[in-house]
2 protein chains.
Amino acid sequence: MDHPETLTPEPQPDATATSSIQVLDRVVRLLERLGEAGDGGEQLSRLATGLGLSASTVHRLLAALEQHGWVDREEATRRHRLGTRLIALAGRAADGSGLRRLCRPALLRIAAETQETTFLIVRSGLNAVVVDRQEGSYVIESLTQGTGGLLPLGIGSGSLAILACQPAAEVEAILAANAPRYREYGTTVEAVRGSLGGIREQGYMLANGSLIQGLSVIAMPIRPPGRDVTAAIAINFITTRLEPANRQAWLTLLKQEVQSIEAGMSLPPRRTRHSRNGET
Amino acid sequence: MDHPETLTPEPQPDATATSSIQVLDRVVRLLERLGEAGDGGEQLSRLATGLGLSASTVHRLLAALEQHGWVDREEATRRHRLGTRLIALAGRAADGSGLRRLCRPALLRIAAETQETTFLIVRSGLNAVVVDRQEGSYVIESLTQGTGGLLPLGIGSGSLAILACQPAAEVEAILAANAPRYREYGTTVEAVRGSLGGIREQGYMLANGSLIQGLSVIAMPIRPPGRDVTAAIAINFITTRLEPANRQAWLTLLKQEVQSIEAGMSLPPRRTRHSRNGET
DNA sequence: CTTCTCTTTTCCATCATGTGGAATTATATC
DNA sequence: GATATAATTCCACATGATGGAAAAGAGAAG
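You'll find chain A entered in an unreviewed UniProt entry as IclR family transcriptional regulator, with Falsiroseomonas frigidaquae given as the organism.

Next comes the structure, spelled out in structure tokens:
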């Protein structure tokens with residue numbers, strides 16, 4: 001039960017969510033660290049020290065993960081990176097709720113109409129994740145998130161729109177938990193909390209270069225009748241391109257599309273009677 | 001009679017790759033099964049029987065996965081589905097190799113020029129995965145794969161283009177391994193093998209409605225100077241829109257873009273030491 | 001409301017399973 | 001070629017994952 005580590009300064013002060021299954025926790029931390037590695041990938045020894053695990057353990061984990069395609073290994077450099085199989089898994093995850101499929105036509109229409117890049121954003125615990133993205137003609141790649149992009153709830157307009165629609169108690173919990181991260185983005189809990197009221201009243205978030213210089217965003221939460229709000233659609237504009245004249249038109253368009261999506265979700269969760277009778 | 005306890009066929013059906021870590025294997029199988037579940041998600045008991053595991057084990061696994069955001073749970077229906085966190089992880093996986101970032105501008109240009117939907121496809125073990133996708137004006141959603149789409153190597157034009165560029169020995173191994181799956185797609189090992197020669201000669205794959213009725217595809221492998229070929233770009237056309245007059249133009253355009261990508265990859269960080277010590 | 005059935009969750013004794021140190025082999029650096 | 005560093009294999013050990021049993025919930029039917 002004791003860990004007589006000689007060189008490890010701290011056992012694990014980080015304590016990223018620890019569940020009842022040790023291996024799993026380690027695998028998750030391992031993959032997350034791999035995700036942070038740059039293009040070159042990461043080498044075993046570095047991962048081992050970074051995670052505070054023995055090289056043999058990391059080696060075993062990596063080998064197992066590689067067998068499942070969750071980790072790819074460049075033979076030449078002997079470096080590891082996240083495996084392509086994860087991409088396939090995530091594709092299913094994105095389709096799983098049906099939300100992406102449901103929203104894609106709307107994203108397409110909005111992107112086509114506004115000529116701007118449009119996003120579908122979904123809550124993921126304390127974060128917001130870009131689930132789908134539709135390019136407009138004006139590409140502002142470097143400033144915006146790609147599919148799979150992750151931001152703390154409260155950072156980014158779509159993220160704010162989602163946060164604003166959570167129950168009050170949960171909002172506070174989220175704010176508290178994310179507080180340390182806000183600093184990284186140059187904002188504070190107070191500032192974030194301050195934005196929420198307006199969003200709730202108006203039903204949308206309008207950012208005029210407030211998060212990123214020169215980038216304006218219109219974001220609107222998707223509020224399915226019965227269920228929780230966990231998604232939003234956001235349109236990114238180069239600030240100079242979002243003229244007041246257009247703004248109202250885009251808001252109307254967005255509102256319209258969102259309502260149509262919500263209508264599509266109002267069908268009650270399909271009740272599945274277990275009629276499966278394959279094996280006996 | 002309800003409990004299929006009578007047989008307990010095999011503790012390990014061994015159908016899927018089994019690594020040295022039992023929990024991991026189970027988690028992978030669990031997630032994959034969740035991925036196959038429809039929009040409604042899957043319930044614990046069904047997962048348990050489907051995987052041949054005890055309910056308590058599955059419960060523990062699900063709880064742990066949920067803590068990490070890898071599984072989402074709809075409280076109302078008590079059903080489980082793949083978690084949104086996986087989407088974020090996959091985003092990093094897709095960016096990890098730098099390939100997606102490198103290719104996106106090309107995808108954008110091609111999609112803009114041809115007005116058709118364009119794909120970046122990457123090898124993932126025995127499969128090919130859609131890593132990125134750019135919509136054109138003509139949306140043919142239902143026929144084509146979304147991001148994360150998975151097909152066996154050999155099925156689909158991009159997939160074929162990648163397969164054609166693998167070393168001969170590996171091609172045969174892949175064909176043999178995928179043979180059972182080809183049948184599901186209405187083709188055979190021989191047919192697939194037959195297509196490869198032409199691709200190698202021409203340097204691209206042109207499908208005129210051969211895989212899917214009415215859908216034509218031009219696909220070209222990305223062949224980085226030193227490394228293995230693991231990616232391809234594909235353009236999907238409604239067959240009637242791919243006129244012979246345009247075909248050559250699109251091929252030229254594609255070739256040009258691919259070459260530019262290859263040029264961008266030609267600066268690998270590490271030099272490749274030539275220590276042949278393979279299997280003998 | 002009561003009863004019955006099916007599903008999910010908790011508990012716990014058991015031992016299979018994953019663990020890390022040490023030894024070995026491969027690879028990079030000088 | 002020599003040295004240093006990283007990757008891999010081996011192994012005895014006890015930690016941590018396991019499944020059965022039983023409790024707690026959730027519906028459905030009477």
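There's plenty left to go through after this.
Undergrad: When you look at the overall build of chain A in this model, what are you seeing that I'm missing?
TA: Counting secondary structure elements, chain A contains nine helices and eight strands. Considering only residue pairs separated by 6 or more positions, chain A has 52% of its internal contacts joining residues 24 or more positions apart. For chain A, the exposed area adds up to about 13800 Å²; of that, 50% sits on carbon and sulfur atoms.

Undergrad: Even after reading the chapter, I still don't get the protein's contact with DNA strand D, so can you show me in this structure?
TA: Around DNA strand D lies a shell of 20 residues, among which Q22 and S45 of chain A together with S56, T57 and R60 of chain B are the nearest. Taken together, the sugar and phosphate atoms account for 78% of what DNA strand D places within 4 Å of the protein. A distance of 2.7 Å separates a phosphate oxygen of DNA strand D from a polar atom in the backbone of S45 of chain A. Between DNA strand D and R60 of chain B there is a distance of 3.0 Å, counted from a phosphate oxygen to a side-chain nitrogen or oxygen.

Undergrad: Please clarify how the relation of the copies chain B and chain A should be interpreted in this entry.
TA: Here the second copy of the chain follows from the first by a rotation about an axis and a shift along it. Laying chain B over chain A is done by rotating through 180° and shifting 0.0 Å along the axis; what remains is an RMSD of 0.1 Å. Overall, the copies show the geometry of a two-fold rotation axis. Judged by C-alpha distance, A90 of chain B is the residue of chain B that lies nearest the rotation axis, at 2.9 Å. Looking at the interface residues of chain B, 94% of them are also at the interface in chain A, so both copies use one shared face.

Undergrad: Looking at this structure, I do not really get the packing of helix α5 (residues 99-114) of chain B against helix α9 (residues 244-265) of chain B. What am I missing?
TA: Each packed pair of helices is defined by two parameters, the angle between the axes and the distance between the axes. Residues and elements named next belong to chain B. The geometry of α5 relative to α9 is characterised by a closest axis approach of 10 Å and an angle of 165° between their N-to-C directions. In terms of orientation, α5 lies roughly antiparallel with respect to α9. The crossing of α5 and α9 is right-handed. Here L99, L102, C103, A106, R109, I110, E113 and T114 of α5 lie close against α9, whose contacting residues are W250, L253, L254, E257, I261, G264 and M265. Its residues assigned to classes, the contact of α5 with α9 shows ten nonpolar, two polar and three charged.

Undergrad: Could you clarify how one ought to interpret helix α6 (residues 157-164) of chain B in this entry?
TA: For an α-helix, the turn length of 3.6 residues means that residues three or four places apart are oriented alike. Counting buried residues along α6 of chain B, eight of its eight residues qualify, which places the element largely inside the surrounding structure. By the burial criterion, the buried members of α6 of chain B are S157, G158, S159, L160, A161, I162, L163 and A164 of chain B.

Undergrad: What should I look at first to understand the environment of G83 of chain B in this one?
TA: Tracing the backbone shows G83 of chain B in the loop between β2 (79-82) and α4 (85-96). G83 of chain B sits in the buried class, given a relative accessible area of 0%. Apart from the residues lying within four places of it in its own chain, the contact partners of G83 of chain B are A93 of chain A together with G69, W70, V71 and D72 of chain B.

Undergrad: Would you mind going over unusual backbone geometry with me for this structure?
TA: Most peptide bonds are trans, and most residues other than glycine sit at a negative phi. Backbone geometry at R78 of chain A places phi at a positive 60°, although glycine is not the residue there. Note on placement: R78 of chain A falls in the loop between β1 (71-74) and β2 (79-82). Despite not being glycine, Q115 of chain B has its phi angle at roughly 70°, a positive value. Here Q115 of chain B falls in the partly exposed class, since its relative accessible area comes to 35%.

Undergrad: Just to check I follow, could you spell out the protein's contact with DNA strand C for this structure?
TA: If you check the shell around DNA strand C, you find 23 residues, and the closest are T57 and R60 of chain A together with Q22, S45 and H59 of chain B. Counting only the atoms of DNA strand C within 4 Å of the protein, the fraction contributed by sugar and phosphate is 77%. Separating a phosphate oxygen of DNA strand C from a side-chain N or O atom of R78 of chain A is a distance of 3.2 Å. Between Q22 of chain B and DNA strand C, the recorded distance is 2.4 Å, taken from a backbone N or O atom to a phosphate oxygen. A breakdown of the residues in the surface near DNA strand C according to their chemical character gives four nonpolar, eleven polar and eight charged.

Undergrad: Looking at this structure, I do not really get the sheet that holds strand β4 (residues 127-134) of chain B. What am I missing?
TA: The pairing of strands in a sheet happens through backbone hydrogen bonds and is either parallel or antiparallel. Residues and elements named next belong to chain B. What the six strands build is an open sheet, ordered β5-β4-β3-β8-β7-β6; its pairing is antiparallel. Strands at the two margins of the open sheet, each flanked by one partner only, are β5 (150-152) and β6 (205-208). Direction aside, the axes of adjacent strands within the sheet are offset by 25° on average. Note: β4 against β5, three bridges, orientation antiparallel.

Undergrad: Just to check I follow, could you spell out the interface of chain B and chain A for this structure?
TA: Interface size, as often reported, equals the accessible area lost upon joining of the parts. With 67 residues of chain B at the contact, the number on the chain A side is 67 residues. Carbon and sulfur atoms supply 64% of the area buried between chain B and chain A, which totals about 5700 Å² over both sides. Three residues, D39, H68 and I87 of chain B, lead the burial of chain B against chain A; their summed loss comes to 10% of the area buried on that side. The interface formed by chain B and chain A contains four salt bridges. R104 of chain A serves as the salt-bridge partner of E135 of chain B, at 3.5 Å between the closest nitrogen and oxygen. When contributions to the side of chain B that touches chain A are tallied by element, the ones reaching two or more residues are α1 (22-36), α3 (55-67), β2, α4, α5, β3 (117-124) and β4 of chain B. No other element matches α4 of chain B, which puts twelve residues into the side of chain B that touches chain A. Considered class by class, the residues forming the side of chain B that touches chain A number 26 nonpolar, 20 polar and 21 charged.

Undergrad: For this particular structure, what's the right way to read the nonpolar core?
TA: One finds L31 of chain A together with L31 of chain B to be the most contacted residues of the largest nonpolar core, which totals 104 residues. Leaving out residues up to four positions away in the same chain, L31 of chain A has contacts with L65, W70, V71 and L82 of chain A together with W70 and L89 of chain B.

About the thresholds
Residues numbered from 1 in each chain as written. Chains lettered and ligands numbered in written order. Predicted model: local features only at pLDDT ≥ 70, side-chain atom pairs only at ≥ 80, totals over all residues. Heavy atoms only, no water. Helix = DSSP H or I, 4+ residues; strand = E, 2+ residues; numbered from the N terminus. Contact = heavy atoms within 4.5 Å. Areas by Shrake-Rupley, 256 points an atom, 1.4 Å probe, with all protein chains shown as cover. Near = heavy atom within 4 Å. Polar contact = N/O pair within 3.5 Å; in protein donor to acceptor, adjacent residues only side chain to side chain. Least-squares fit on C-alpha atoms with pLDDT ≥ 70 in both. Axes fitted to C-alpha atoms, helices over the stretch in contact; angles between N-to-C directions. Parallel < 35°, antiparallel > 145°, perpendicular 65-115°, else oblique. Left-handed = near helix turned anticlockwise from the far one by under 90°. Nonpolar A, V, L, I, M, F, W, Y, C, P; charged D, E, K, R; others polar. Buried < 20%, exposed > 50% of the residue type's maximum accessible area, 1.4 Å probe, protein only. Pairing = 2+ DSSP bridges. Buried area = accessible area lost by both parts, 1.4 Å probe. Salt bridge = Lys/Arg side-chain N within 4 Å of Asp/Glu carboxyl O. Core = buried A, V, L, I, M, F, W, Y, C linked by side-chain atoms within 4.5 Å.

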